[in-house]
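Here is how the chains run, residue by residue.
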Amino acid sequence: MKLPLPRKPACRFLVCFAFWYATILFSWPLIGQAYCSAFRAVGTALYGENSSVKEIGFEPFNQTYHSHYTRVVIVNPARMNPDGSGPVRNLDLDTRAMGWMPLAFLLALVMAAPLPWSRRRPALFWGVLWQQTFVFIALGYCIWNDSSEVGLVSLSESWKRAAEAVKSMLAGQLIVAIPILIWLLVTFRRADLPKMTRPV
């Protein structure tokens, strides 16, 4: 038996969105560790390095109550002592907030869209691809910015403040603004607007 949905398109969309968003978020205990592992694996493939110039490694956060965090370890070998001691920059990221929650938001938007599944399926594929691409671009920027703390990147005080401002802006846009923009771009066509606003 199908649950009755509101007749107004906007209300119907909001109900469907809330259902899908809650369902996807509640799936985190089942797939969260797999997502975190995949996040670290992709991060390592893109940005991991172990050379005489720099070392960048990805590892799980070592505190159980933050098991969904990822620690990016950034080392400048030129500043390390022979005994292995020296400055190390630990970039701790909330993998769930940075990667999974924006993805869940986007998936819920696409699945709640008042369109046939023949349209929603490719939108899901392209939406996930572009959203996660943006997440890893933001990750690369965060690594670059924090690399200045160990001398791998040279920034003046004014440029460092500007870089930190961009980092804060990215963090603020990842969860809502970017998924909404991607959703609009991959899901809808100009001809869809009259159909979605037409009363039923």
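Scoring rules and cut-offs
- Residues numbered from 1 in each chain as written.
- Predicted model: local features only at pLDDT ≥ 70, side-chain atom pairs only at ≥ 80, totals over all residues.
- Heavy atoms only, no water.
- Pairing = 2+ DSSP bridges.
- Helix = DSSP H or I, 4+ residues; strand = E, 2+ residues; numbered from the N terminus.
- Contact = heavy atoms within 4.5 Å.
- Axes fitted to C-alpha atoms, helices over the stretch in contact; angles between N-to-C directions.
- Buried < 20%, exposed > 50% of the residue type's maximum accessible area, 1.4 Å probe, protein only.
- Salt bridge = Lys/Arg side-chain N within 4 Å of Asp/Glu carboxyl O.
- Core = buried A, V, L, I, M, F, W, Y, C linked by side-chain atoms within 4.5 Å.
- Parallel < 35°, antiparallel > 145°, perpendicular 65-115°, else oblique.
- Left-handed = near helix turned anticlockwise from the far one by under 90°.
- Nonpolar A, V, L, I, M, F, W, Y, C, P; charged D, E, K, R; others polar.

Chemist: Explain the sheet that holds strand 4 (residues 88-94) to me, please; I cannot follow it from the model alone.
Modeler: Two modes of strand pairing occur in sheets, parallel and antiparallel, and in both the strands are linked by backbone hydrogen bonds. Strands sit in the order 1-2-3-4 across an open sheet of 4 strands; the sheet is antiparallel. Looking at strand neighbours, the two that pair on one side only are strand 1 (49-50) and strand 4, the edges of this open sheet. As paired elements, strand 2 (residues 55-60) and strand 3 (residues 69-75) share 6 bridges and run antiparallel to each other. Bridge pairing links proline 60 to threonine 70 in strand 3. In the packing of helix 2 (residues 28-47) onto the sheet, the strands contacted are strand 1, strand 2 and strand 3, and the crossing angle to strand 2 comes to about 175°. Lying over the sheet, helix 3 (residues 95-112) contacts strand 3 and strand 4, oriented at roughly 40° with respect to strand 4.

Chemist: What am I meant to see in the pairing of strand 3 here?
Modeler: The two faces of a sheet get side chains in turn, since along a regular strand they alternate between them. With 7 of 7 residues buried, strand 3 is to be regarded as a mostly interior element. Side chains Tyr69, Arg71, Val73 and Val75 of strand 3 all project onto a buried face; the interleaved residues Thr70, Val72 and Ile74 project onto the opposite face, where all are buried too. Where strand 3 and strand 4 come together, 7 bridges link them in antiparallel fashion. Among the inter-strand pairings, valine 73 is bridged to a residue of strand 4, identified as asparagine 90.

Chemist: For this particular structure, what's the right way to read the pairing of strand 2?
Modeler: The pairing of strand 1 with strand 2 spans 2 bridges and is classified as antiparallel. Across the sheet, the residue bridging to glutamate 49 is isoleucine 56, located in strand 2. What sits between strand 1 and strand 2 in their antiparallel hairpin is a turn of 4 residues.

Chemist: Could you clarify how one ought to interpret helix 2 in this entry?
Modeler: Because each turn of an α-helix spans 3.6 residues, side chains separated by three or four positions in sequence point in the same direction. For helix 2, the full list of buried residues reads Trp28, Gly32, Tyr35, Cys36, Phe39, Arg40 and Gly43. Taken together, the buried residues of helix 2 touch helix 1 (9-26), strand 2, strand 3, helix 3 and helix 4 (117-147).

Chemist: I would appreciate a short explanation of the environment of serine 52 in the present structure.
Modeler: Within the secondary structure, serine 52 sits in the loop between strand 1 and strand 2. In this structure, the C-alpha to C-alpha distance between serine 52 and leucine 107, residues 55 residues apart in sequence, is 42 Å.

Chemist: Looking at this structure, I do not really get the environment of arginine 12. What am I missing?
Modeler: Residue position: arginine 12 is located in helix 1. Between the alpha carbons of arginine 12 and alanine 112 there is a distance of 8.6 Å; along the sequence they are 100 residues apart.

Chemist: I'm lost on the pattern of salt bridges in this one. Help?
Modeler: Side chains that differ in sign of charge can pair as their charged atoms come close. With the rule as written, the count across this model stands at 6 salt bridges. Linking aspartate 146 and lysine 167 is a salt bridge whose minimum nitrogen-to-oxygen distance equals 3.1 Å. Here lysine 167 lies in helix 5 (residues 157-174) and aspartate 146 lies in helix 4, a separation of 21 residues in the sequence. Among the salt bridges present, the one from lysine 160 reaches glutamate 164, with a minimum N-O distance of 3.4 Å. Residue lysine 160 and its partner glutamate 164 are located together in helix 5, separated by 4 residues, close to a single helical turn. Take lysine 160: its relative accessible area is 14%, and that puts it in the buried class.

Chemist: Can you walk me through the nonpolar core in this structure?
Modeler: Generally speaking, a soluble globular protein has its nonpolar side chains buried in company with each other. Val72, Met98, Leu139, Ile143 and Trp183 are the most contacted members of the largest nonpolar core, which totals 43 residues. Ranked by residue count, the leading element in this core is helix 3, at 12 residues. When neighbours within four sequence positions are excluded, valine 72 is seen to be in contact with Ile56, Gly57, Phe58, Arg89, Asn90, Leu91, Leu93 and Ile143.

Chemist: Explanation requested: the packing of helix 2 against helix 4 in the structure shown.
Modeler: Direction vectors running N to C along helix 2 and helix 4 enclose 60°, while the axes themselves pass 11 Å from each other. By the angle class used here, helix 2 and helix 4 are oblique. For the crossing formed where helix 2 meets helix 4, the hand is right-handed. Between helix 2 and helix 4, the contacting residues are Tyr35, Phe39, Val42, Gly43, Leu46 and Tyr47 on the first element and Gln132, Val135, Phe136, Ile137, Leu139, Gly140 and Ile143 on the second. Partitioning the contact of helix 2 with helix 4 into residue classes produces 10 nonpolar, 3 polar and no charged.

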